[in-house]
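Analysis of the macromolecular model
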Amino acid sequence: MLVSELFWAYLVAITLLTVTPGVDTLLVMRNTGRGGLADGWVTSAGICSGLFLHATLSALGISILLVETAWAFSVLKWAGACYLVWLGIGSLRQAMARGNEPGRPEQPAPRRRVNRRQSFREGLLSNVLNPKTALFYMALLPQFVDPAGSVLQQSMVLAGVHFAVAMVWQSGLAWVVVRFRGMGASVRFKRTLNALTGGFFVAMGVKLAGN
């Protein structure tokens, strides 16, 4: 199993990766603003569950095959790009939805009842269809795995550590969004968040497709 020095190096690496703002971060924030703290938590659980799939593919060598096979990697890249654009369009539509009538005081935006399966699925697909995550796991995990032991087992343990770190961070972000919402944020905050995340998702999808 991992020696302590390698474990701490891995912990630092995945912590820095986790706290770096990206698609997963904004998706958790958007969904929290949409359906409350539980929506953000379930979305985070979906995102973090995808890490185990990437770890499995890395252990089995399929990630390397995807990278070395141009057409397979292109399929993954385009699927991820289309999904990001689809998420972005959905956010932009929510941002442009009609709210309060002009001249009337702004009322707090009601939380939507969202199917938890939808939230989990959005998070899972966001992670699984992200080729950057596949590349990260392919490049990083082998550096911390002892070839003399079970590669799959060690990869699952490493993914479990990443899961815990990411869940703590993203749950904290969800809590912050809820706190700001409870301190007077309303329709305007929700629209702004949807507009920012929608534009980011679309831009990232276009960039990913163009690379």
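Just above sits the structure.
A short tour of the structure in this document, coming up. Everything numeric here is computed off the predicted structure, so don't read it as measured data.

**A closer look at the overall build of the protein chain**
Check the secondary structure of the protein chain and you find nine helices and zero strands. Element order for the protein chain, N to C, with α for helix and β for strand: α-α-α-α-α-α-α-α-α. Long-range contacts, defined here as pairs at least 24 residues apart, represent 88% of the contacts in the protein chain between residues at least 6 apart. Summed over its atoms, the accessible surface of the protein chain is roughly 11,300 Å², and 68% of this surface lies on carbon and sulfur atoms.

**Describing the layout of surface pockets**
Empty space within the largest pocket amounts to approximately 590 Å³. What lines the largest pocket is a set of 30 residues, and nearest its centre among them are G22, V23, D24, N130 and T133. Listing elements by their share of the lining of the largest pocket, those giving two or more residues are helix 1 (4-19), helix 2 (23-35), helix 3 (37-60), helix 5 (70-95), helix 6 (116-128), helix 7 (131-140), helix 8 (151-182) and helix 9 (187-210).

**Overview of the pattern of salt bridges**
Pairing is possible between side chains of opposite charge, provided their charged atoms come close. This structure, assessed with the given rule, holds three salt bridges. For R34, the salt bridge goes to E122, with nearest N and O atoms at 3.3 Å. With R34 in helix 2 and E122 in helix 6, this pair connects stretches of sequence that are 88 residues apart. Looking at R34, the relative accessible area reads 2%, which means it is buried. The class for E122 is buried, based on a relative accessible area of 6%. When salt bridges that share partners are traced, they join R30, R34, D39 and E122 into one network.

**With respect to the packing of helix 2 against helix 6**
Viewed as axis vectors pointing N to C, helix 2 and helix 6 meet at an angle of 170 degrees, and their least axial separation amounts to 10 Å. Here helix 6 runs roughly antiparallel to helix 2, going by the angle between their axes. Judged by the twist between their axes, the crossing of helix 2 over helix 6 is right-handed. Residue-level inspection shows V23, D24, L27, R30, N31, R34 and G35 of helix 2 in contact with helix 6, the latter providing R116, Q118, S119, E122, G123, S126 and N127. Broken down by class, the residue content of the contact of helix 2 with helix 6 amounts to two nonpolar, seven polar and five charged.

**Some remarks on the nonpolar core**
A general tendency of soluble globular proteins is for nonpolar side chains to be buried together. Counting residues in hydrophobic clusters, the biggest one holds 18 residues, and the most contacted among them are Y10, I14, Y137, L141 and L158. Contributions of two or more residues to this core are made by helix 1, helix 3, helix 7 and helix 8. The element that contributes the greatest number of residues to this core is helix 8, accounting for six residues. Within the second largest apolar cluster, 10 residues are counted, among which are V28, Y83, L87 and L129.

**Some details on the packing of aromatic side chains**
One pass over the full model with this rule turns up two aromatic pairs. Measuring from ring centre to ring centre gives 5.5 Å for F7 and W8, while their planes differ by 75 degrees; the resulting arrangement is edge-to-face. A relative accessible area of 53% places W8 in the exposed class. Between F52 and F163, the ring centres sit 5.7 Å apart and the planes meet at 40 degrees, which makes this aromatic pair tilted. Taken together, the positions of F52 in helix 3 and F163 in helix 8 put the pair 111 residues apart, joining distant regions of the chain. For F52, a relative accessible area of 27% corresponds to the partly exposed category.

Reading guide: rules and limits
- Residues numbered from 1 in each chain as written.
- Predicted model: local features only at pLDDT ≥ 70, side-chain atom pairs only at ≥ 80, totals over all residues.
- Heavy atoms only, no water.
- Helix = DSSP H or I, 4+ residues; strand = E, 2+ residues; numbered from the N terminus.
- Contact = heavy atoms within 4.5 Å.
- Areas by Shrake-Rupley, 256 points an atom, 1.4 Å probe, with all protein chains shown as cover.
- 1 Å grid on protein atoms, 1.4 Å probe; cavity = no way out; pocket = protein on both sides within 12 Å on 5 of 7 lines; lining within 4 Å.
- Points joined across faces, edges and corners; volume = space filled by probe spheres on them.
- Salt bridge = Lys/Arg side-chain N within 4 Å of Asp/Glu carboxyl O.
- Buried < 20%, exposed > 50% of the residue type's maximum accessible area, 1.4 Å probe, protein only.
- Axes fitted to C-alpha atoms, helices over the stretch in contact; angles between N-to-C directions.
- Parallel < 35°, antiparallel > 145°, perpendicular 65-115°, else oblique.
- Left-handed = near helix turned anticlockwise from the far one by under 90°.
- Nonpolar A, V, L, I, M, F, W, Y, C, P; charged D, E, K, R; others polar.
- Core = buried A, V, L, I, M, F, W, Y, C linked by side-chain atoms within 4.5 Å.
- Phe/Tyr/Trp six-rings, centres within 6.5 Å; stacked < 30°, edge-to-face > 60°.

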